[in-house]
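Each chain is listed here by its residues.
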Amino acid sequence: MREVYKVISEIKMPQLGESVTEGTISKWLVKKGDKINKYDPLAEVMTDKVNAEIPSTFSGTIKELIAKEDETIEVGGVICTIQIEGDKVVETIAKTTSIDKKTNLDRTNISVKSRYSPAVLRLASEHNIDLLMVTGTGRGGRITRKDIQSIIESGNLSHVEITEPVQEKITNNEVNDDKIDIQPRATTVVGDIEIPVTGVRKAIAANMVKSKHEAPHAWTMVEVDVTNLVNFRNEIKESFKQKEGYNLTYLPFFIKVVVEALKEFPQLNSLWGGNKIIQKKDVNISIAVATDNALYVPVIKHADEKSIKGLAGEINALASKVRNKSVTSNDMQGGTFTINNTGSFGSILSAPIINHPQAAILSIEAIVKRPVILDNDAIAIRHMVNLCLSLDHRVLDGLICGRFLASVKEKLEKISKENINVY
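Computed from a predicted structure; not experimentally measured.

What counts, and at which threshold
- Residues numbered from 1 in each chain as written.
- Predicted model: local features only at pLDDT ≥ 70, side-chain atom pairs only at ≥ 80, totals over all residues.
- Heavy atoms only, no water.
- Helix = DSSP H or I, 4+ residues; strand = E, 2+ residues; numbered from the N terminus.
- Contact = heavy atoms within 4.5 Å.
- Core = buried A, V, L, I, M, F, W, Y, C linked by side-chain atoms within 4.5 Å.
- Buried < 20%, exposed > 50% of the residue type's maximum accessible area, 1.4 Å probe, protein only.
- Domains from an automatic or database assignment.
- Phe/Tyr/Trp six-rings, centres within 6.5 Å; stacked < 30°, edge-to-face > 60°.
- Expected span 1.5 Å × (residues − 1).
- pLDDT = per-residue confidence, 0-100.
- 1 Å grid on protein atoms, 1.4 Å probe; cavity = no way out; pocket = protein on both sides within 12 Å on 5 of 7 lines; lining within 4 Å.
- Points joined across faces, edges and corners; volume = space filled by probe spheres on them.
- Nonpolar A, V, L, I, M, F, W, Y, C, P; charged D, E, K, R; others polar.

## So, the environment of Ile308
- Structurally, the position occupied by Ile308 is in helix 7 (residues 308–323).
- Sequence spacing of Ile308 and Pro252 is 56 residues, and the spatial spacing of their C-alpha atoms is 5.6 Å.
- Not counting residues up to four positions away in its chain, the partners in contact with Ile308 are Leu248, Pro252, Phe253, Lys256, Ile420, Asn421 and Val422.

Right under this line is the structure:
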C-alpha cells in the first residue's frame, strides 16, 4: 500500500533589496487550499525599494496564510505554509524551513503578542500609544500595524495613551490654561475627500521618515552657468534622436559630470553602516523616476564606465520599465549616490531627502535664462541652473561637499563640443 507523507514547508519574506529589512503584503494571489506549482506567484509585496511578487519555491497545496494583507513582515519572517505530498511514510517538517521541532512547539504554545514589528513600534512611539493596552488581531494575538493605524484613525486614544505626571506652575491669580499643548487630530467634515493610502505611498512615507529621523540632514547649493551645455545639446539633439531613436536630455550630461566628481571625492560615494562608513568602489547612480502616484529610484550600475550615450540609454530603459511596471528588485538595488531631476517639473530650488543609507543626494533644478554679470562687468543673458545637495552629516562635512560641488560646477561650465564626446 502506498503511504503518503505530508511535508509542511514555510515560505518566508525574501530580501527584495539592499538594506531592505521588511516588506508589506499588499495582496494575496492565492488562498488556503489552492493547488500551486513551483514558481507560481503567491503574493504582491511592497518595500521602500520596489513592488514585487513572491514566487513559490515548492509545488503543493496552500496550508495556511500566516501574514494578512497590509501586514508588514520582517525579512525572514514566515508569510505562509505549503503542504507537499509524496511517497514516504512519515509526516514531518521540511528541512528547508530551518525550523526545528522545538521552535514549532514554541510558535504554537507561546503567545506572540509581545513580539512587535519595527513598523508597529515606530507608529506607537510617534503617537504615544501604550502597546500593553492594545488588543492585537494578528495571529496569536499579535499586534499589527493595521491595529495601530485603526486606533490612530479613530482618534480614540484616551484608553491607550501613555500618561505621565504633568507639572504645572500655578500662581495665586492665574492658571496657565492657554499653555496646555493639545495634539491636533485629523478630522473630516462634509465635502472632504478621504483618499486611502496605497501600499506604495506607505512604503515611500516609511522610508522618508526613516531617513529624516536617522540621518542629520545638511544642505548646500551652487548656481552654474550651463550656457555652453545648452548650446551643444541643441546642436546635436535632432541627429541623436534620428540615430538612437530617443531624446537626448540634459540628465546624462549632469550624471557624467557628477560621476567624474565622485571619482575625485569618493567620500560622497559612501553608505552609513551604523558603526562604520562604507566607501563604495562601484559608482552606481540612483535616479528618481516618477509615475502618477509614486516615485521609484532605479539604479544605473557602473555609471563611471558609461559614455553620455550609454547613460542616456540606461535612463531611457529604466524610465520605461518604471512606467510599464516591469521594474525589478535588481533594477532598484546597489545605488551609492542619488540624482533627482526636479528641474523637469520647473523647480528652481529644493531640499531633497537623502536616499538612506546613502550619504548624499543631488537635485538638478530647472535651467532658466537670467541676466548675469560677467567677469568684465558686462551683463549677459545666460542659461543658469541651481544644484542642491543634501548630505548626511554623520558621513560628510561641509568642506568636502563644497569642494565636490565646486568641481561639478567647473566641469559643467567647461563643456563644449571640443572637449566632450557623446559616444
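Anyway, onward from the coordinates.
## Side note on the nonpolar core
- Counting residues in each nonpolar core, the largest one holds 83 residues, and the members touching the most others are Leu268, Phe337 and Phe404.
- By residue number, the principal contributor to this core is helix 6 (residues 251–264), which donates nine residues.
- Split by domain, the residues of this core number at least three in each of domain 1 (6–84) and domain 3 (215–414).
- With sequence-adjacent residues up to four places away left out, Leu268 is seen in contact with Leu262, Thr336, Phe337, Ala359, Ala360, Leu389, Leu396, Ile400, Cys401 and Phe404.
- Val120, Leu123, Ile129 and Leu131 belong to the second largest nonpolar core, which has nine residues in total.

## Some words on the environment of Phe254
- Within the element layout of this structure, Phe254 appears in helix 6.
- Under the relative-accessibility criterion, Phe254 is labelled buried at 3%.
- Sequence separation between Phe254 and Asn341 is 87 residues; the distance between their C-alpha atoms is 9.6 Å.

## Notes on the packing of aromatic side chains
- Summed over all chains, the structure comprises four aromatic pairs.
- Ring centres of Phe240 and Tyr246 lie 5.6 Å apart, and the angle between their planes is 80 degrees; this geometry places the pair in the edge-to-face category.
- Residue classification places Phe240 among the buried residues on the basis of a relative accessible area of 1%.
- For Tyr246, a relative accessible area of 14% corresponds to the buried category.

## A look at helix 6
- Here helix 6 spans 20 Å end to end across 14 residues, near enough to the 20 Å set by a 1.5 Å rise per residue.
- Most of helix 6 sits inside the fold, with 10 of its 14 residues counted as buried.
- Three or more residues of helix 6 are buried, namely Leu251, Pro252, Phe253, Phe254, Ile255, Val257, Val258, Val259, Ala261 and Leu262.

## A few points about the confidence of the model for the protein chain
- Taken residue by residue, the protein chain gives an average pLDDT of 82. The fraction at 70 or more is 81%.
- Residue range residues 163–182 is modelled with pLDDT below 50. Its contacts to residues more than four positions away, or to other chains, number two contacts.

## Regarding empty space enclosed by the protein
- All chains considered together, the criterion is met by one cavity of 30 Å³ or more.
- The computed volume of the largest cavity comes to approximately 40 Å³.
- Around the largest cavity sit Glu71, Thr72, Ser117, Val120, Arg142, Ile143, Thr144 and Arg145, which together line it.
- Taken together, the residues of the lining of the largest cavity sort by class into two nonpolar, three polar and three charged.

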